[in-house]
Every structure is written in structure tokens, then in C-alpha cells.
Amino acid sequence: MNGCNREFKSSWLKKYNWLVYSPSLDGVLCLHCALFSDNRKQKGALVNRPFNKWTKISSELADHANNAYHSRAMSASKLFVDCINKPKLTLPDRFDTTRRQRRVENRHILKMIIKAILFCGKQCIALRGDHEEMSGMGNPGNFLSLLSILSEHYELLQRHLQAPRDKSAQYMSPQIQNELLSVLSKMILNDILKEIRKAKFFAIMADEATSHNDEQLSLCLRFVDEGKNIREEFIEFVHMDNVSGHSIATAILHSLDKKQLDATHIRAQTYDGAAAMSSENVGVQKRIREVSPLAMYSHCAGHCLNLVIVHSCKIPLVRNTIDKMKEVCLFFNYSPKREGLLKSVISKEVLHAEKRKPLLNLCATRWAERHSAYSHFYASYVYMVYSLEVIAHGLHQDKGYDHAQGNWASKTKQDASGLLASITSFDFILSFVTVYVMLSHLDGISKKLQSSSQDIFQAYEMVTEVTQVYRKLRHDVVVHFGRCYAQAVRMAEKIGTTPDMPRIAKRQIHRSNTPAATPEEYYRLNLAIPFLDHISNEFEQQFTGLSAKCGKLIGLVPTVLMSEDVEPDFEEVVNTYTDDLPSPELFHHELFR
């Protein structure tokens, strides 16, 4: 080659591992310098062109191996190979690893912050306090306090709270809390709406109320989920500028449209009995049925029950008794001094007085709460009399009651004297015991009717059962009222009151005046019988709609369906819900099977 007998030797490749031979060019190159050398324009053989002067190759290769740029190319080549074979050792990858680790840690911290917010939300407790910092005086609030407790068990969270990497991204400010709450609420609402869309058919429940001079409509939806569970879910509060039937119905339909729920799939609607809601001409139920004709309206059963009680208590004896109870509860509950006297009397007279609950105000809307107030009033009756005697007449000074030596205002003494005379009369005692005992049968149904899993058949059965109870009480009124009378006599004996009855007048319009020979007979005729009759009549009037609706569907109850004595007519039901049934033409065949 090149005028001589020398040629390329493969031993050179073994001696210099960076050397490569190109048969097509008949020359050798430095692989590392050819690929990674810097300032290539200043380089010659072995870098930019092959070297093939074989007589000088030994000295050329030795000189090239000692060049600084060759060493740099070797290092660059080694780094490149390491990047390919061991990417985790590279500097960029180390930066990426650090960023990934920091991202994982930040996400873990954010999860703990979100869990703290969820905990406060589930427990219905406020997040913020009066001092939005963990250090310093004041109350930091439940959210920050909970994070402080969690940080004692999680070092990562503790480092974040004590020395955050970025003070502008701690994710604990009130603004971030509100944003996270908003995101969480949207996620929960979206999950609920997905379940409702899968269920297809649903019922609407709505009620309007005023809060802080702001009219708001609460909207809830009732449906059956995939697990065949009856669910009631709150959807949203809707601000109302007008509370007419048309405005409320428009707001409900607009809310459903925003949430992509088909209003034609409404199959039931329930509200209170206000004309704006229940009117068949201008009410909400009329407007909703124009959109969804199968949206059957039902008056809230719990509201109907409360109306039964309210209307039944309009009898003069009962009404006056309840008014006096309210006055006594307000007299003690709205004065720390008077309430302290009552608690002192109870603690001195009753063993384990710490378990005795104080007086409760009479709730105007929920009988379950009112029944509890009646129970507390009954248990504390004698001690209220003692307390009023202390205030009005200065009695029981030797028993060591707190505030017994107090200087009571003349107005307070006058009020106490009037209340004492009212609640120690026999007609008050007997009326209270009668109302307390007779209405106690409504305590269970009042709580059950508010259950979210309650259906129309169960409600109908409970209403029917309670109605029969009151019919039996009315039929055996002599026996049942006799027990109430005996209980009232024992209660009166404790405070020195003897049974009596009002004077019978020829003309009387302000109280019951039916003639009677004995006090028991008088109150049975003027109190117990009218009271029970009112309750029975109110049950029939308030729950007539429930009976009619249930009567159309009663045949679908399995026990009725399997009964040989009953032949339910399903024609009206099938014709009404033809479009909702998968195969209405096969209904009777499936029923037979």
C-alpha cells in the first residue's frame, strides 16, 4: 500500500482500543475524537480524515494518545456511554429524580391537608379560628390544630409546617381552604349526579326558608342507587328573589338543567302544604307536572303529622296549658340567675342530679323535639314549683338553695307568682299529663317518618297503625283517661293541690262547659274525648292524600300480591307508567309467572 509493502495490522486495534479501521477508506480513525472532539476544524488525521501512512503510524498514534483534546473526547465518550447504560447517574437525571421526589412529597403533604379539610367537613366543625397561625396567641382553628397533631406522627408534614421549601405555597391559607372545599364539593356533587343519571328516575324535595334576610331554596333529590338503596341527597341552595310558585318551579328546573338532569324523569315531588308549593293551579307541583306529567305530588308526611298535633292542640284547655309551659320555660331559660336557682333545687332534692337535663324550649316545627321538652318538664315539675315559691314568696329558705336569699326584682316576683298560680292549678296538671301521655304515641312515628329510607307503603302502614291506636284510646277512653287522671292526682298531691273542676255556667264561650258530676267526668268530657276526636279527625284529613296514592300502588306489595283473597287491579298503574316499563305488554305474563 502507498508504494510500500506495509499494510494495516489488527494488532493496532488491540493496543489502542479507541482506534477503528475503515476498509472503504483504507485508513484508521480515533472513534472518540471523531465523534466527541471539540474544535474539529483545527484537527487533521485520525479526527477529520483517516490516517493511512502506515510507516508513521506508530509515532502518530502515540502522539495522538497524549493530546489533551483526545483525553477530553475520551471523557465525553465515557460520559455518553454511562448516560446510555446508567441513566440514573447522569446530572440531568439526578435533577429529574430530585424534582420527582419533591413532587411525590408535595402530593403527600397535599393529601394530608385535604384529609384534614374532609375531616372537618364530615364532622361539621368550623375550619378557621381567630388566629390563622400555629404559633402565637389565639385560637388557630380546627384545621390548623388538626395538622399540628398529624405533624407529630408524620415527619414530612412536620418539616413542611416548620420550614416549608416555598413559603408562598404552603396550601394552608383561608383562600386555599375555600378553593379545596369548592373542589371537593364539586367532586362529591359530580359523583352523586352520576349515580342519579344511572338511576334515571328520581324525586325532588324542596323547601324555602329565610336565613339572614336571604330567601334560599334547599333542593334535595331522592333515588334508588345500583345497590337498591333508597338515597336522599342534598344538591344545592338556590337564592330566591321571589317565592311565588312559578319562581320556585323555574328555579328548580333551571338547577336540574345546569346539572344535566332530565326533568322529564321526575317521578315524584314533595313539599310542605303552602299554597305556593301545593296548589293545583299556581303551585310548584302544577308547574313541575307540566314538564313531567308523572311527577306525583305528595305532601311531606312529617309536616302532615306536625299539623295533626298543632290543630289538635287548639282545644282551649290544651292551648292554655301549652302557653303556660312556654312561659315557664322562657322564665327559667332566659335568666342565668333563675336557671341557677332551678339547678340548685334539683341538685339538692335529686340523687345523681348531674344526669338530669335542663328545661327545653318547645319546638314549633318538630314534635320529636317537643316531646323531649314535655318529658323534661314532667321530670322537673315539682322542682319548678319549689323555685317559683322561692322567688314569689321567699319560701324554703332553710334548704340551702343557691340564690334563695337573692334580691328578686318586683317584676320577677310578680311573674313568678302568676306562673305559680297557673301551673299549680289542677286543670293545668291534668291537661299537661293528658297531652303528654296521649301524644307520646306519636314520638316513634315522628322520628321514623323523617328517615331517608322510608317509602310510601311503610309510611302508610305506620299512619294506619297509629290511627288505630287513637281509635282504641277513644273507644276505651274511660279506662285510659282514668289512668291519666290517677297520675295527675298523684302529681298534684306532691304540691298540695286537690282535684277540682271549674264552675259550670249557663253561658260560656271561652272554655269547655259540659256538665259533669265529678272532676274526672268533667275533664273526660271536656278534655280527653275532644282531644282524641281531634287527633283522629286530623289524621284522616291530613293523610287522605297518602291513603289515595298508596291505594293505587298497594297491589305491588309482595304480601298483597301473593294473597289469594285480594285481586289488585294493575291496569291504572300499567297505563300510567307504560313508557317507564321495559315491556309493558308482558306485565301480566310476568305477574302470573
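What this report covers is the structure whose coordinates are included nearby. (Residues numbered from 1 in each chain as written. Predicted model: local features only at pLDDT ≥ 70, side-chain atom pairs only at ≥ 80, totals over all residues. Heavy atoms only, no water.)

**Details of the overall build of the chain**
At step 1: When helices and strands are counted, the chain shows 26 helices and seven strands.
At step 2: Taken over 593 residues, the chain has a buried fraction of 38%.
At step 3: Considering only contacts in the chain between residues 6 or more positions apart, those separated by 24 or more positions represent 62%. (Helix = DSSP H or I, 4+ residues; strand = E, 2+ residues; numbered from the N terminus. Buried < 20%, exposed > 50% of the residue type's maximum accessible area, 1.4 Å probe, protein only. Contact = heavy atoms within 4.5 Å.)

**Quick word on a positive patch on the surface**
At step 1: Positive charge collects at one region of the surface, where Arg100, Arg103, Arg107, Lys111 and Lys115 lie side by side.
At step 2: Its location among the elements puts Arg103 in helix α5 (residues 91-122). (Patch = residues over 30% accessible without salt bridge, like charges linked within 9 Å, V, L, I, M, F, W, Y side chains within 5 Å. Areas by Shrake-Rupley, 256 points an atom, 1.4 Å probe, with all protein chains shown as cover. Salt bridge = Lys/Arg side-chain N within 4 Å of Asp/Glu carboxyl O. Lys, Arg positive; Asp, Glu negative; His and termini not counted. Charge placed at Lys NZ, Arg CZ, Asp CG, Glu CD.)

**Focus: the sheet that holds strand β5 (residues 230-239)**
At step 1: Pairing is mixed in the open sheet, where five strands are placed in the order β5-β4-β3-β6-β7. Each end of this open sheet is capped by a strand with a single partner; those strands are β5 and β7 (296-299). Within the sheet, the average angular offset between the axes of one strand and its neighbour, ignoring direction, is 25°.
At step 2: One ladder, built from nine bridges, connects strand β4 (residues 214-224) with β5; its direction is antiparallel. (Pairing = 2+ DSSP bridges. Axes fitted to C-alpha atoms, helices over the stretch in contact; angles between N-to-C directions.)

**Some details on unusual backbone geometry**
At step 1: One non-glycine residue, Asp26, lies in the positive phi region at around 50°.
At step 2: With respect to the helices and strands, the residue Asp26 is situated in the loop between β1 (19-22) and β2 (27-30).
At step 3: By relative accessible area, Asp26 is classed as partly exposed at 21%.
At step 4: For Cys124, which is not glycine, the phi dihedral falls at a positive 55°.
At step 5: Residue position: Cys124 is located in the loop between α5 and α6 (142-151).
At step 6: Judged by relative accessible area, Cys124 falls into the exposed class, the value being 70%.

**Structural notes on the packing of aromatic side chains**
At step 1: Evaluated as defined, the whole model comprises 19 aromatic pairs.
At step 2: Seen from their ring centres, Tyr16 and Trp18 are 5.3 Å apart, and the 55° between their planes marks the pair as tilted. For the pair Tyr16 and Trp18, a shared accessibility class is recorded, and that class is buried.
At step 3: Relative to Tyr436, the ring of Phe432 has its centre 5.9 Å away and its plane inclined at 5°; by these criteria the two rings are stacked. Of this pair, Phe432 and Tyr436 both sit in helix α18 (residues 426-438), separated by four residues, roughly a single helical turn.
At step 4: A relative accessible area of 16% places Tyr436 in the buried class.
At step 5: Linked through ring pairs, Tyr374, Phe377, Tyr378, Tyr381, Phe428, Phe432 and Tyr436 together constitute an aromatic cluster.
At step 6: Seen from the ring of Tyr69, Lys43 lies directly overhead, with NZ or CZ sitting 4.7 Å from the centre. (Phe/Tyr/Trp six-rings, centres within 6.5 Å; stacked < 30°, edge-to-face > 60°. Lys NZ or Arg CZ within 6 Å of the ring centre and 35° of its normal.)

**Notes on the packing of helix α13 (residues 316-333) against helix α16 (residues 381-393)**
Packed helices, taken two at a time, are described by the angle their axes make and the gap between the axes.
At step 1: It is at 12 Å that the axes of α13 and α16 come closest, and there the two elements cross at 65°. Considering only the axes of α13 and α16, their crossing is left-handed. Touching Val328, Phe331 and Phe332 of α13 are Met384, Ser387, Leu388 and Ile391, all from α16.
At step 2: Considered class by class, the residues forming the contact of α13 with α16 number six nonpolar, one polar and no charged. (Left-handed = near helix turned anticlockwise from the far one by under 90°. Nonpolar A, V, L, I, M, F, W, Y, C, P; charged D, E, K, R; others polar.)

**Some thoughts on the pairing of β2**
At step 1: The alternating pattern of β2 places Gly27 and Leu29 and Val28 and Cys30 on opposite faces, both of which are buried.
At step 2: Taking the residues that link successive antiparallel strands as the turn, the β1-β2 hairpin has four residues, and the phi of Asp26 there is positive, at about 50°.

**A short note on the packing of α13 against helix α14 (residues 336-349)**
At step 1: In the contact formed by α13 and α14, the axes pass within 6 Å of each other and the chain directions differ by 100°. One finds that α13 runs roughly perpendicular with respect to α14. Along its contact with α13, which presents Phe331, Phe332 and Asn333, the element α14 presents Arg338, Glu339 and Leu342.
At step 2: Of the residues belonging to the contact of α13 with α14, the class tally is three nonpolar, one polar and two charged. (Parallel < 35°, antiparallel > 145°, perpendicular 65-115°, else oblique.)

**Some thoughts on the pairing of strand β6 (residues 266-271)**
Remark: a regular strand shows side chains that alternate across the two faces of the sheet.
At step 1: As judged from the four bridges shared by strand β3 (residues 202-211) and β6, these two strands associate in the parallel manner. Residue Met205 lies in a different strand from β6, and its bridge partner there is Thr270.
At step 2: Bridge count between β6 and β7: four bridges; the pairing is parallel. Residue Gln269 lies in a different strand from β7, and its bridge partner there is Tyr297.

**Regarding the nonpolar core**
At step 1: Ranked by internal contacts, the top residues of the largest apolar core, which has 77 residues, are Phe377, Tyr381, Leu439, Leu442, Tyr470, Phe531 and Phe539.
At step 2: For Tyr470, the residues in contact, after removing those within four places along its chain, are Met438, Leu439, His441, Leu442, Leu532, Ile535, Ser536 and Phe539.
At step 3: Formed by 28 residues, the second largest nonpolar core is a distinct cluster that contains Val238, Leu256, Ile266 and Ala295. (Core = buried A, V, L, I, M, F, W, Y, C linked by side-chain atoms within 4.5 Å.)

**Looking at the side chain of Arg267**
At step 1: Among the structural elements, Arg267 can be located in strand β6.
At step 2: Given the relative accessible area of 16%, Arg267 is considered buried.
At step 3: One polar contact links the side chain of Arg267 to the main-chain carbonyl oxygen of Thr264, over a distance of 2.8 Å. (Polar contact = N/O pair within 3.5 Å; in protein donor to acceptor, adjacent residues only side chain to side chain.)

**Thoughts on a nonpolar patch on the surface**
At step 1: Where nonpolar side chains cluster on the molecular surface, the patch consists of Val20, Leu31 and Leu35 and spans about 250 Å² of accessible area.
At step 2: Looking at the element boundaries, Leu35 is found in helix α2 (residues 31-36).

**Examining helix α3 (residues 57-65)**
At step 1: Regarding α3, the residues found buried are Ile57, Leu61 and His64. All buried residues of α3 fall inside an arc of 65° around its axis, so they share one side.
At step 2: Packing partners of the buried residues in α3 comprise α1 (11-15), β1, β2, α2 and α4 (68-85). (Arc of directions from axis to C-beta.)

**Digging into the side chain of Ser279**
At step 1: On the secondary structure map, Ser279 appears in the loop between α10 (275-278) and α11 (284-291).
At step 2: Judged by relative accessible area, Ser279 falls into the buried class, the value being 17%.
At step 3: Within the structure, the side chain of Ser279 is placed 3.2 Å from the backbone nitrogen of Asn281, a separation counted as a polar contact.
At step 4: The contact partners of Ser279, leaving out residues within four places of it in the chain, are Ala274, Gln285 and Lys286.

That is the geometry; function is a separate question.
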